[in-house]
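# Summary of the model geometry
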Amino acid sequence: MERTAQLSIPNPWGIAFDAWGQHIFAETSGPDVRWMMPGSIKPVYGVASPISPTLVEEKHMVRPTSGLEYVYSSHFPAEMQGDFLINNVIGFLGTKQHQLTDDGTGFKSIHRQDLMQSSDPNFRPVDMEFAPDGSLYIADWHNMLIGHMQHNARDPLRDHVHGRIYRVTYPSKSLVAPAKVDGASINTLLDNLRLPEYRTRYRTRRELRGRNDKEVLTALNAWVKDLDKNDTAYEHNLLEALWVTWGLNKVDKDVLNSLLGAKDFRARAAAVRALRYNGHRITNQLELLQKAAADEHGRVRLEAIVAASWLDKEDGLSILKIASLKPMDVWMKDTYERAFVYLNGTYKPKENREEILTDPKFTAAEKEIFKKGKEIYLRDGFCATCHQKNGLGLQSSGFPPLSGSEWVNQNSERLIKLTLKGMYGPIKVKGANYPGQVPMTPYGGMLKDDEIAAVLSYVRNSFGNKTSFVLPEEVKVIREKIKNKKGFYTSEELLKDHPHEKK
Ligand code: HEC
């Protein structure tokens, strides 16, 4: 067992592998999709490993996401192969499609299209996968209530009955003839490994793992010898063979060595990954990793850096030293630096430096309140989940900004009311209209008076805001005043009692 990637994210509800074994994951609570490999160094207890930059274009960021899949199906157009799909269940209700291309050591993505979108407010696409016939299946959980348990577990609106599965096809292209996997002969299974459909190869590799290893390895040997070296897919076919042998816990050294010297950097990187996990079977693992650390492509070097972090100090550092001789881009830097201090035993956590904490204007007590407020703000399911760490919100998901917001920086009673009871319906913030299909969570039942005061004091003094602190006594009075108010506030209702201040 290992912690593959110990990252500071709550729920990776979507992990997908590309044709070369690189994986990306959806952060789910946040809008980000990231490449996982740079964060997969050997973690230190209680410390989050470095996380790579997000791949999603800012104007197409949505949350909360659930389900991630690469497009690898010859039923869909050629230019879409290798795109990734991501579902979203609040605000934007549907599936976004992003084009993904190699960029330096890592990747770059551009939004291609919204593959599917629904106006049904209960549409909750949560998972998807390409079927054996090349069509795409998307599961809609179809539920009115979703969230972080802010609704009662026995709420009668919880829907245990409805749900749909959608099947997406590309009508002007014919479907794929499903490959035989279950019960197929070993030779048929090996030939499946040449098919363009990732999911078919994936199911095939799983089937092969369950077969007699001697029979598979004998047939595989012949299959590898028969491969056409001039085929553009030759190195990929060879990689599939490597994965089959690894799947049987009998990684093939000759195939591994050929791939470590492959022309395609993606094949070399995949080979280094296999090398990382098979050190107990490959006697010259160290020497091979040292060679990979000097590779001409960053992705191969980064695989070697990550692998080094799992070795003992002397071996690991010898690999890092070689890697350090070549330039490092944004994908490599943090991973390299962290792997180095972990191996060297010199890691020191960074101190949290917040402007307000060094400002003599604030008392020690206020600084403590600010710190407590920040901790609450950043809890999963609390403010940062929707309004983001930087307080800028997410326009395309319907989460308004707190930075510079009149709702934050003006009347504190109005701010306390909306935080205690939540908000719903159309709202205007900093001149922009939000349709308000997304509710703002009510925190009255989750946070005590001093906690509400702390988080609001933090919000009123962060992201460029500079306003007075909110006091627990004021929260207490307002909580009592509105105790009989049922349900969410609307913007209209709040503005009737507390209109915006005239500038
Ligand atoms: C589940 C997502 C979500 C969470 C979590 C959340 N909010 Fe909101 N918030 C919203 C939405 C959506 C609106 C707009 C509501 C409407 O349409 O009436 C909003 C509105 C607001 C507003 C008024 C508009 C603005 O942008 O200034 C404030 C202030 C606010 N939230 C503060 C907070 C604070 C403080 C927390 C944490 C204690 C928090 N929110 C947690 C989604 C969220």
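Residues numbered from 1 in each chain as written. Predicted model: local features only at pLDDT ≥ 70, side-chain atom pairs only at ≥ 80, totals over all residues. Heavy atoms only, no water.

## Side note on the coordination of the iron atom of the ligand
Each protein donor to the iron atom of the ligand is listed here as His387 (NE2) and Met440 (SD); together their distances run 2.0 to 2.1 Å. Considering all six donor atoms around the iron atom of the ligand, angles at the metal cover 88 to 180° and the coordination shape is octahedral. Separated by 53 residues along the polypeptide, His387 in helix α13 (residues 383-387) and Met440 in the loop between β12 (432-434) and α16 (449-459) bring together distant segments of the chain. A residue is classified by how much of its surface remains accessible, and His387, at 10% relative accessible area, is buried. (Donors = N, O, S within 2.8 Å, 3.2 Å for Na, K, Ca; no water. Tetrahedral: all angles 85-135°; square planar, octahedral: opposite > 155°, others 65-115°. Helix = DSSP H or I, 4+ residues; strand = E, 2+ residues; numbered from the N terminus. Buried < 20%, exposed > 50% of the residue type's maximum accessible area, 1.4 Å probe, protein only.)

## Points about the domain arrangement of the protein chain
Here the protein chain is partitioned into domain 1 (15-168), domain 2 (186-344) and domain 3 (355-497). Centre-to-centre, using C-alpha coordinates, domain 1 lies 29 Å away from domain 3. On the domain 3 side, the residues contacting the 13 residues of domain 1 number 13 residues. For the pair domain 1 and domain 3, the two sides together bury roughly 950 Å², of which 57% comes from carbon and sulfur. (Domains from an automatic or database assignment. Contact = heavy atoms within 4.5 Å. Buried area = accessible area lost by both parts, 1.4 Å probe.)

## Notes on the site of the ligand
If you check the shell around the ligand, you find 26 residues, and the closest are Cys383, Cys386, His387, Ser405 and Met440. Between His387 and the ligand, the recorded distance is 2.9 Å, taken from a side-chain N or O atom to a nitrogen atom. Taking Gly425, its main chain carries an N or O atom lying 2.7 Å from an oxygen atom of the ligand. Of all elements in the fold, only α13, α14 (406-409), α15 (412-421) and β11 (427-429) reach the threshold of two or more residues within the shell around the ligand. It is α13 that contributes the most residues to the shell around the ligand, three residues altogether. For the shell around the ligand, the per-class residue count stands at 19 nonpolar, seven polar and no charged. (Near = heavy atom within 4 Å. Polar contact = N/O pair within 3.5 Å; in protein donor to acceptor, adjacent residues only side chain to side chain. Nonpolar A, V, L, I, M, F, W, Y, C, P; charged D, E, K, R; others polar.)

## Thoughts on the pattern of salt bridges
Taken as a whole, this structure holds 28 salt bridges when the rule is applied. Between Arg164 and Asp140 there is a salt bridge, with the nearest N and O atoms lying 3.6 Å from each other. With Arg164 in strand β10 (residues 164-168) and Asp140 in strand β9 (residues 136-140), this residue pair connects regions lying 24 residues apart in the sequence. Here Asp450 and Lys372 are joined by a salt bridge, their closest N and O atoms 2.9 Å apart. You can see Asp450 sitting in helix α16 and its partner Lys372 sitting in helix α12 (residues 364-378), a full 78 residues away along the chain. Salt bridges sharing partners connect three or more residues here, namely Glu69, Glu129, Arg199 and Arg203. (Salt bridge = Lys/Arg side-chain N within 4 Å of Asp/Glu carboxyl O.)

## Considering the packing of helix α2 (residues 198-209) against helix α4 (residues 234-247)
Look at α2 against α4: their axes get within 9 Å of each other, and the N-to-C directions meet at 35°. Considering the relative orientation of α2 and α4, their crossing is right-handed. Two secondary-structure elements touch here, α2 through Arg201, Arg205, Leu208 and Arg209 and α4 through His236, Glu240, Trp243, Val244 and Gly247. A breakdown of the residues in the contact of α2 with α4 according to their chemical character gives three nonpolar, two polar and four charged. (Axes fitted to C-alpha atoms, helices over the stretch in contact; angles between N-to-C directions. Left-handed = near helix turned anticlockwise from the far one by under 90°.)

## Regarding the sheet that holds strand β3 (residues 33-35)
Spatial ordering of the open sheet is given by β1-β2-β3, a layout of three strands whose pairing is antiparallel. In the strand order of this sheet, the two ends are held by β1 (15-17) and β3, each with one partner. Mean inter-strand twist for the sheet, computed between neighbouring axes without regard to direction, equals 25°. Note: β1 against strand β2 (residues 23-26), three bridges, orientation antiparallel. Looking across to β2, one finds that Ile15 is bridged to Phe25. (Pairing = 2+ DSSP bridges.)

## Re the sheet that holds strand β8 (residues 125-130)
The three strands are arranged β8-β9-β10 in an open sheet whose pairing can be described as antiparallel. Pairing within the sheet leaves two strands with one partner each, and these edge strands are β8 and β10. Each strand of the sheet is rotated relative to its neighbour by a mean of 20°, with strand direction disregarded.

## Focus: helix α5 (residues 253-260)
The set of residues buried in α5 consists of Val255, Leu256, Leu259 and Leu260. Burial along α5 is one-sided: seen end-on, the buried residues are contained in an arc of 135°. Among the structural elements, α4, α6 (265-277) and α7 (285-292) are those in contact with the buried residues of α5. Taking the backbone nitrogen of Asp254 as reference, a side-chain oxygen 2.9 Å away marks Asp252 as the first, capping residue of α5. (Arc of directions from axis to C-beta.)

## Examining the environment of Pro401
Within the secondary structure, Pro401 is located in the loop between α13 and α14. Residues Pro401 and Cys386 lie 15 residues apart in sequence; the distance between their C-alpha atoms is 9.3 Å. Non-local contacts of Pro401, meaning those with residues more than four positions away in its chain, are made with Gly391, Leu392, Gly393, Val429, Lys430 and Tyr434.

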